[in-house]
Amino acid sequence: SMTTARAKVYRNLDAAIEARLDTTRRMPGDQYLSEEAARDMVMRATVDAAVTSNSSAAGDDTNRPVMFRHDPRLQWPSLQYYTREQVEAFYNDVCNSGVPVSILM
């Protein structure tokens, strides 16, 4: 469980969204995250920093301080990155395996 004392507080929802977008931009490869997707993710993953409960950040007030409610270690860099060729090879192997699968991307 994460303690709120270690969680970074963002000045408002827009600052948290920009931080999420910056994280994507810093990652290697052709990472992309739309502002709309980042907004949806941040609204689901933040809580009002002034409130100690686990209430959601959903609502119209976007100027209050917020913090992410997940464990900050989830934002550590990945230990493994894949090249486009590796991902395509994996995808092709799965598609050609004859086993029914669903891949969500």
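Keep in mind that this is a model prediction, so the values were computed, not measured.

K.L.:
Help me understand the side chain of Thr24, please; the structure alone is not making it clear to me.
P.N.:
Residue position: Thr24 is located in helix α1 (residues 13–26). Owing to a relative accessible area of 10%, Thr24 belongs among the buried residues under this scheme. Filtering out sequence-adjacent residues up to four positions away, Thr24 remains in contact with Gln31, Tyr32 and Leu33.

K.L.:
Can you walk me through the packing of aromatic side chains in this structure?
P.N.:
By convention here, two paired aromatic rings are described through the distance between centres and the angle between planes. Applying the stated criterion across every chain, the model contains one aromatic pair. Between Tyr10 and Phe68, the ring centres sit 5.7 Å apart and the planes meet at 90°, which makes this aromatic pair edge-to-face. Here Tyr10, found in strand β1 (residues 9–10), pairs with Phe68, found in strand β3 (residues 66–68); they are 58 residues apart in sequence, far enough to count as distant. With a relative accessible area of 9%, Phe68 lands in the buried category.

K.L.:
In this structure, what is going on with the sheet that holds β1? I would like to understand it.
P.N.:
Whenever strands of a sheet pair, they do so through backbone hydrogen bonds, lying parallel or antiparallel. Taken in spatial order, the three strands line up as β1-β3-β2 in an open sheet, and their pairing is antiparallel. The strands lining the two open edges of the sheet, one partner per strand, are β1 and β2 (46–48). Bridge count for β2 against β3 is three bridges, and the pairing is antiparallel. Following the sheet pairing, Thr46 is matched in β3 by Phe68. In the packing of helix α2 (residues 35–45) onto the sheet, contacts are made with β2 and β3, and the angle to β2 comes to roughly 55°.

K.L.:
It is not clear to me how the pattern of salt bridges should be interpreted in this structure. Could you clarify?
P.N.:
A pair can form between side chains of opposite charge whenever their charged atoms are brought close. Taken as a whole and assessed by the stated rule, the structure comprises five salt bridges. The salt bridge partner of Arg39 is Asp14, with a shortest N-O separation of 2.9 Å. Taken together, the residues span a long stretch of sequence, with Arg39 in helix α2 and Asp14 in helix α1 at a distance of 25 residues. Owing to a relative accessible area of 26%, Arg39 belongs among the partly exposed residues under this scheme.

K.L.:
Looking at this model, I keep getting lost on α2. Mind explaining?
P.N.:
Residues separated by three or four positions in an α-helix point in the same direction, a consequence of the helix having 3.6 residues per turn. Here α2 has its buried residues at Ala38, Val42 and Ala45. Each buried residue of α2 lies within a common arc of 70° when the element is viewed along its axis, so the set occupies one face. Turned more than 90 degrees away from the buried face of α2, the exposed residues are Glu36 and Arg44. Packing partners of the buried residues in α2 comprise α1, β2 and β3.

Criteria and thresholds
- Residues numbered from 1 in each chain as written.
- Predicted model: local features only at pLDDT ≥ 70, side-chain atom pairs only at ≥ 80, totals over all residues.
- Heavy atoms only, no water.
- Helix = DSSP H or I, 4+ residues; strand = E, 2+ residues; numbered from the N terminus.
- Buried < 20%, exposed > 50% of the residue type's maximum accessible area, 1.4 Å probe, protein only.
- Contact = heavy atoms within 4.5 Å.
- Phe/Tyr/Trp six-rings, centres within 6.5 Å; stacked < 30°, edge-to-face > 60°.
- Pairing = 2+ DSSP bridges.
- Axes fitted to C-alpha atoms, helices over the stretch in contact; angles between N-to-C directions.
- Salt bridge = Lys/Arg side-chain N within 4 Å of Asp/Glu carboxyl O.
- Arc of directions from axis to C-beta.

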